[in-house]
Every structure is written in structure tokens, then in C-alpha cells.
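Residue-level structure breakdown
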Amino acid sequence: MTGETTARLRAETAEAHRRLEDNLDIFGKIASADARRRLVQRFHGLHAGAEAALAPWLTAVDGLAFGDRSRLPQLRRDLAALGCGDPAPPACRVAAPAGAAEALGLLYVLEGSSLGGRVIGRRLAADGIDDTGLSFLDPYGPQVGEQWRAFTAVLERETVGDADREAAVAGALRGFQLALDWLCEAA
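Residues numbered from 1 in each chain as written. Predicted model: local features only at pLDDT ≥ 70, side-chain atom pairs only at ≥ 80, totals over all residues. Heavy atoms only, no water.

Points about the pattern of salt bridges
Inspection of the entire model under this criterion finds nine salt bridges. As a salt-bridge pair, Glu-12 and Arg-8 come within 2.8 Å of each other at their nearest N and O atoms. A residue pair is termed a helical-turn pair when its members lie 3 or 4 positions apart in one helix, as Glu-12 and Arg-8 do in helix α1 (residues 4–12) at four residues. For Glu-12, a relative accessible area of 41% gives the class partly exposed. Residue Arg-37 is joined to Asp-34 by a salt bridge in which the shortest nitrogen-to-oxygen separation is 2.5 Å. Residue Arg-37 and its partner Asp-34 are both found in helix α4 (residues 33–58); the two are separated by three residues, about one turn of the helix. You can call Arg-37 partly exposed: its relative accessible area is 23%. What makes Asp-34 partly exposed here is its relative accessible area of 46%. (Salt bridge = Lys/Arg side-chain N within 4 Å of Asp/Glu carboxyl O. Helix = DSSP H or I, 4+ residues; strand = E, 2+ residues; numbered from the N terminus. Buried < 20%, exposed > 50% of the residue type's maximum accessible area, 1.4 Å probe, protein only.)

In C-alpha cells, the structure reads:
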């Protein structure tokens with residue numbers, strides 16, 4: 001069952017989500033080794049910046065396990081698998097959220113990408129395309145549904161009124177725009 005905040009986020013960010021998918025061209029970007037490397041570097045930068053901005057608001061949220069949701073360890077392994085060594089790619093600059101509800105909205109974008117990552121992985125497998133360096137797309141493996149439900153349960157519990165829901169939508173819209181701006185620079 002979808003909660004009120006989750007349903008509102010899905011409805012009010014649908015166009016931003018579609019715009020990101022249409023402009024990212026992830027399958028085109030992972031077709032060549034150089035483009036794949038650049039894309040994974042951009043994802044690393046996005047997560048590095050976003051996770052740093054979200055941590056002050058979300059680390060102590062009961063039941064969220066924010067630190068366990070970090071994709072940075074996987075992204076570092078993926079970069080190594082693609083032949084990228086240190087130093088780490090530059091982090092995306094992410095403005096600090098105004099509060100926990102806005103932070104949860106931005107996290108909605110990052111966590112939601114794990115669902116899309118499963119779809120991408122299935123398509124790669126069906127097309128016989130090597131997935132080296134792309135493990136970050138499927139951070140939870142078979143537990144993706146369980147992780148998503150745990151996240152949305154926290155989201156619903158922590159966004160109890162219209163002001164919180166509006167802040168969560170604002171954070172999610174900002175997250176989609178951030179991803180569009182940052183990731184689509186990976187040509």
C-alpha cells in the first residue's frame with residue numbers, strides 16, 4: 001500500500017522523472033568504455049555531494065539506516081573495476097536541505113533509482129551487455145523491494161502534515177533537477 005507522501009511524490013515528480021530518463025540516455029552512455037567510466041564518475045560525484053548534504057538531517061532518523069544506504073563504497077569498487085584509480089571524482093555541490101522532510105524528498109530520488117537500476121540490469125542482461133562497473137545501479141540485489149518499503153515507511157512516518165509533504169516534494173524536485181544537471185554532463 002502506498003502512503004500519502006509517497007503517492008504525492010510519485011505524482012508531483014512524474015514529469016521531472018521522465019525528463020531525467022529522457023535526457024540521461026543511460027544505455028547510450030554505457031555502450032562504450034570511456035562513456036561508461038565518465039558516467040560512473042558522475043554518479044559518484046552526485047552521491048558524494050548528496051550524501052554529505054543529507055547526512056546531518058538523516059543519520060539519526062530511526063529505522064532509516066542512512067549510512068547503510070550509501071552507494072559510495074559500490075561506486076568506488078565500480079570505478080576500480082573500470083580502471084579508474086584515485087583521486088576520487090569531484091563531488092557535486094548540493095545545497096543543504098532546509099529540514100528533514102526536504103532531505104527525505106531528495107533521498108527519495110536516490111533510493112528510487114535502485115528500482116530503476118533493477119530494470120536497467122535486466123535489460124542489459126537480456127541484451128547480453130556486460131555490466132562491469134555498474135553494480136551501484138542495483139545496490140540491494142534481491143532486497144530492493146524490502147529496502148524500498150523500509151524507506152517509504154520512514155518517509156511516511158516522518159512527513160506527517162502538508163508542510164512536511166510540500167518540503168518532501170520540493171526536495172525530490174530539487175533532487176531530480178540536480179541529477180539531470182549533474183549526470184547529463186557525462187557525455
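Considering unusual backbone geometry
If you check the backbone angles, Asp-25 has positive phi at about 50 degrees while not being a glycine. Along the chain, Asp-25 falls in the loop between α2 (14–24) and α3 (26–29). Using a relative accessible area of 44% as the deciding quantity, one classes Asp-25 as partly exposed. A positive phi is found at Ala-65, a non-glycine position, where the angle reads about 50 degrees. Secondary-structure assignment places Ala-65 in the loop between α4 and α5 (72–81).

A look at the packing of aromatic side chains
Applying the stated rule across the entire model yields three aromatic pairs. Centre to centre, the rings of Trp-148 and Phe-151 are 5.6 Å apart; their planes meet at 40 degrees, and the pair counts as tilted. Residue Trp-148 and its partner Phe-151 are located together in helix α7 (residues 144–158), separated by three residues, close to a single helical turn. Exposure class is identical for Trp-148 and Phe-151. Each is buried. A network of ring pairs unites the aromatic residues Tyr-108, Trp-148 and Phe-151 as a single cluster. Sitting over the ring of Trp-182, Arg-42 keeps its end group 3.6 Å from the ring centre. (Phe/Tyr/Trp six-rings, centres within 6.5 Å; stacked < 30°, edge-to-face > 60°. Lys NZ or Arg CZ within 6 Å of the ring centre and 35° of its normal.)

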